[in-house]
Every structure is written in C-alpha cells, then in structure tokens.
Amino acid sequence: MEATETETVSEVPDILRRICEQRRRRVAAGDAGVSPARRLPAEGPGRRFLDAISARRGGAVIAEIKMGSPKLGDLRGRFDPVARAVAYADAGAACLSVVVEPDHFHGGYDLLAECAAASGLPAVAKDFVVSDVQLAWARDAGACAVLLIAALHDAAELRRLAGLARGLGLVPLIETHDDADFEKLRPMAHEDGGNQSAKWELVGINNRDLRNFAVDLERSVERIGRLPSSALKVAESGIHTGADVAKLRRAGFDAFLIGERLVLAGDPAAALAELLGSPAPQEVIR
C-alpha cells in the first residue's frame with residue numbers, strides 16, 4: 001500500500017521505543033550534553049558531508065565513534081575517542097559518525113564537538129531524534145549531518161524534520177530498515193518531481209534488524225533498488241571485512257558506515273586499510 005500524508009508510524013520495536021522514551025525525558029529536561037564553550041560555528045556544513053562522500057564514491061567510509069551500545073556494553077575507558085577520530089582521518093576515512101545518545105550508547109554532543117574538531121572530518125550526529133531542538137544541538141556541536149531514523153516518524157514528519165535540518169545547514173541522513181520506511185521516501189500527492197522536498201540527498205539502509213538486532217548484509221543488497229536513484233546511498237551496520245565492502249560496492253552503495261569493526265580494533269588505521277583493500281597508511285605527523 002502506498003504511503004499517504006495520513007500514514008501512521010509503523011510498529012516500532014520495543015528496544016527502540018524504550019530508547020526514545022528515555023530520550024524524550026532527557027530532551028524535555030533540556031539536557032543537551034553540549035557546552036556553549038564547545039559550540040563550533042559553521043556555514044552550510046551539510047555540503048561538506050555530501051562532497052566528502054561524492055569525492056570517494058564507492059569507497060567512502062563513515063567511521064564511527066561510539067562509547068557503548070546495548071550489544072557491546074560500556075566502552076568508556078577502553079579507548080580515547082578523540083585520538084581514534086584523528087586516526088580515522090589519517091587513515092583515509094571520508095566522514096565521521098558520532099553516537100551522541102547518552103543512556104544506552106554513553107555518548108554526548110560534547111563528544112561529537114571534540115572528535116569533529118580534532119579530526120577535521122565532517123561528522124554526522126547519530127541520535128534518536130524525538131524533538132526539533134536536537135537538530136539545533138547537532139548544529140551547535142559542529143555536526144555537518146544528522147541521522148533521522150525513518151521508523152520513528154510518519155512520512156510527513158520525516159519530511160518536516162529533514163526540512164528543518166536543511167534549514168540549519170545540515171544534511172539529513174535518512175536511515176531505512178524495511179518496506180514501510182521505503183514508502184515514506186516516495187513523493188506525496190502534493191509533490192512533483194521538481195519539488196526539493198521530494199528529493200533525498202543521503203539515504204541509508206541499516207543491515208541490523210531492529211526487532212532482534214540480527215545483522216544480514218543481504219538486507220542492503222536486496223533493497224538498494226528501493227532507494228531514491230538521485231540520493232547518495234549508505235550501507236550501515238555489520239560491515240566487518242574488505243569483502244563486505246566490496247560486495248556492497250558492487251550492489252551500488254556509495255558509502256559505508258562502519259562502527260563495531262573500527263571501534264573494537266586495536267589498530268584502527270590497519271582495520272580501515274583492510275576494509276578499503278589498501279595498504280596500511282604511514283603514520284601522519286601533525
């Protein structure tokens with residue numbers, strides 16, 4: 001059935017619902033997790049993110065910083081996130097992803113500000129967006145892009161949030177999981193092909209099933225044809241080897257958001273080189 005303007009949100013898995021409920025409480029309390037002193041002014045930063053991927057299309061890695069997850073537990077103290085972000089940049093990452101959700105992923109907008117400033121990489125703020133103010137927090141922390149999870153919103157709300165993000169200079173990265181999400185990317189009845197709001201710049205498919213957190217790369221391979229043809233396409237989650245990257249590249253993906261493999265690596269530069277199928281880079285003196 002085609003999505004309409006009155007479309008309701010598809011069923012949200014329990015774990016996602018719990019995270020969002022807790023996020024709403026924090027956001028309502030004004031807990032941004034970003035200090036005014038760390039705010040990084042930027043002009044039209046979203047273009048930087050898109051250009052960085054376009055310049056390495058088919059081989060662009062969005063390397064992730066996350067300080068924990070429901071699966072991995074608490075990773076704080078296991079590695080220096082700022083040093084790791086710098087290592088990603090030196091090793092050839094195109095962009096940076098920073099998970100800022102504090103309760104389940106132990107992140108924050110200050111973490112994003114520090115990592116983006118030190119690495120110089122255009123960064124996407126990975127949050128569970130439940131309020132408009134989170135978009136402003138991402139901008140103030142120096143993000144160039146913001147993640148919008150399609151499963152959390154109906155089609156009209158997804159477009160509204162994407163428009164607000166663009167108005168702040170951010171590019172929205174729309175994360176999809178299933179057929180209901182793909183329908184939300186279709187133009188609405190009042191839109192035509194030339195309407196900017198109908199055009200998506202950056203769309204991803206998460207290989208992780210939100211119901212049970214199982215990972216299957218075939219999710220992306222089988223569904224890439226459902227994504228808007230004009231959008232840059234990102235494969236997310238479960239990418240562990242160069243062979244995985246090559247498989248997804250052949251399927252038509254432009255970029256690869258890689259978290260666990262890089263976060264847990266003893267040598268992130270060597271891990272990134274293996275993923276890209278290139279020799280490990282020499283140490284860069286800053």
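Details of the structure are given in the entry above.
Residues numbered from 1 in each chain as written. Predicted model: local features only at pLDDT ≥ 70, side-chain atom pairs only at ≥ 80, totals over all residues. Heavy atoms only, no water.

Undergrad: Where do I start with helix H2 (residues 45–55) in this structure?
TA: Three or four residues apart is the spacing at which side chains of an α-helix point the same way, because the helix has 3.6 residues per turn. When we look at burial in H2, the residues that qualify are Pro45, Gly46, Phe49, Leu50, Ala52 and Ile53. In an axial view of H2, the angular spread of the buried residues amounts to 155 degrees, which keeps them on one side of the axis. (Buried < 20%, exposed > 50% of the residue type's maximum accessible area, 1.4 Å probe, protein only. Helix = DSSP H or I, 4+ residues; strand = E, 2+ residues; numbered from the N terminus. Arc of directions from axis to C-beta.)

Undergrad: Is there a simple way to think about the pairing of strand E7 (residues 171–176) in this case?
TA: In the case of a regular strand, side chains alternate between the two sheet surfaces. With 6 of 6 residues buried, E7 is to be regarded as a mostly interior element. Of the two faces of E7, the one carrying Val171, Leu173 and Glu175 and the one carrying Pro172, Ile174 and Thr176 are both buried. Handedness of the crossover joining strand E6 (residues 145–149) and E7 through helix H6 (residues 155–167): right-handed. Pairing of E7 with strand E8 (residues 202–206), which is carried by 4 bridges, proceeds in the parallel orientation. Each residue of the ladder has a partner; that of Leu173, found in E8, is Leu202. (Right-handed = clockwise from strand over helix to strand, strands pointing away. Pairing = 2+ DSSP bridges.)

Undergrad: What's the story with the pairing of E8 in this structure? I'm lost.
TA: By the criterion of burial, E8 is predominantly enclosed, with 5 of the 5 residues buried. Here E8 pairs with strand E9 (residues 232–236) via 5 bridges, running parallel. Its bridge partner lying in E9, Val203 is registered against Lys233.

Undergrad: I would appreciate a short explanation of the side chain of Arg159 in the present structure.
TA: Position of Arg159 relative to the elements: it lies in helix H6. Residue class for Arg159 comes out buried when judged on its relative accessible area of 9%. From its side chain, Arg159 meets the backbone oxygen of Lys184 in a polar contact 2.6 Å long. (Polar contact = N/O pair within 3.5 Å; in protein donor to acceptor, adjacent residues only side chain to side chain.)

Undergrad: Got a minute to help me understand the packing of helix H3 (residues 81–91) against helix H4 (residues 109–119) in this structure?
TA: Geometrically, a packed helix pair is captured by the angle between its two axes and the distance between the axes. The interhelical angle for the contact between H3 and H4, taken along N-to-C directions, is 40 degrees, at an axis separation of 8 Å. On the basis of the axis angle, H3 is oblique to H4. At the point where H3 passes H4, the crossing takes the right-handed sense. Listed contacts from H4 to Pro81, Val82, Ala85, Val86 and Ala89 of H3 are Leu111, Glu114, Cys115, Ala118 and Ser119. For the contact of H3 with H4, the class distribution of residues is 8 nonpolar, 1 polar and 1 charged. (Axes fitted to C-alpha atoms, helices over the stretch in contact; angles between N-to-C directions. Parallel < 35°, antiparallel > 145°, perpendicular 65-115°, else oblique. Left-handed = near helix turned anticlockwise from the far one by under 90°. Contact = heavy atoms within 4.5 Å. Nonpolar A, V, L, I, M, F, W, Y, C, P; charged D, E, K, R; others polar.)

Undergrad: Before we go on, may I ask you to explain the side chain of Lys184 in this structure?
TA: Considering the arrangement of structural elements, one finds Lys184 in helix H7 (residues 179–184). A polar side-chain atom of Lys184 sits 2.8 Å from the main-chain carbonyl oxygen of Ala150. Of note is the side chain of Lys184, whose polar atom sits 2.8 Å from the backbone oxygen of His153.

Undergrad: Is there a simple way to explain the nonpolar core in this structure?
TA: Soluble, globular proteins show a tendency: their nonpolar side chains are buried together. Of all hydrophobic cores here, the largest spans 62 residues; its most connected members are Ile65, Tyr88, Leu96, Ile239 and Leu262. Sort the elements by how many residues they give to this core and H4 lands first, with 6 residues. In contact with Ile65, not counting residues within four places along its chain, are Pro81, Arg84, Ala85, Tyr88, Leu96, Ser97, Val98, Val99, Leu111 and Cys115. Counting residues in hydrophobic clusters, the runner-up holds 30 residues, among them Ile19, Cys20, Ala255 and Leu257. (Core = buried A, V, L, I, M, F, W, Y, C linked by side-chain atoms within 4.5 Å.)

Undergrad: What am I meant to see in helix H9 (residues 242–251) here?
TA: The complete set of buried residues in H9 reads Gly242, Asp244, Val245 and Leu248. Seen end-on, H9 carries its buried residues on one side only, within an arc spanning 155 degrees. Turned more than 90 degrees off the buried face of H9, the exposed positions are Ala243 and Arg250. Packed against the buried residues of H9 are helix H8 (218–223), E9, strand E10 (255–258) and helix H11 (268–276). Phi turns positive, to about 120 degrees, at Gly252, one or two residues after H9.

Undergrad: Looking at this structure, how should I read the packing of aromatic side chains?
TA: Aromatic ring pairs are defined here through the distance separating the ring centres and the angle between the ring planes. Applying the stated criterion across every chain, the model contains 2 aromatic pairs. Ring centres of Phe105 and Phe128 lie 5.8 Å apart, and the angle between their planes is 35 degrees; this geometry places the pair in the tilted category. Placement of Phe105 in the loop between strand E4 (95–99) and H4 and of Phe128 in the loop between strand E5 (123–126) and helix H5 (133–140) is noted, with a sequence separation of 23 residues between them. Measuring from ring centre to ring centre gives 6.0 Å for Tyr109 and Trp137, while their planes differ by 70 degrees; the resulting arrangement is edge-to-face. Remark: Trp137 occurs in helix H5 and Tyr109 occurs in helix H4; sequence separation between them is 28 residues. Each member of the pair, Tyr109 as well as Trp137, is classed as buried. Across from the ring centre of Phe79, 4.8 Å away, lies the NZ or CZ of Arg84, which sits over that ring. (Phe/Tyr/Trp six-rings, centres within 6.5 Å; stacked < 30°, edge-to-face > 60°. Lys NZ or Arg CZ within 6 Å of the ring centre and 35° of its normal.)

Keep in mind these values describe shape, not function.
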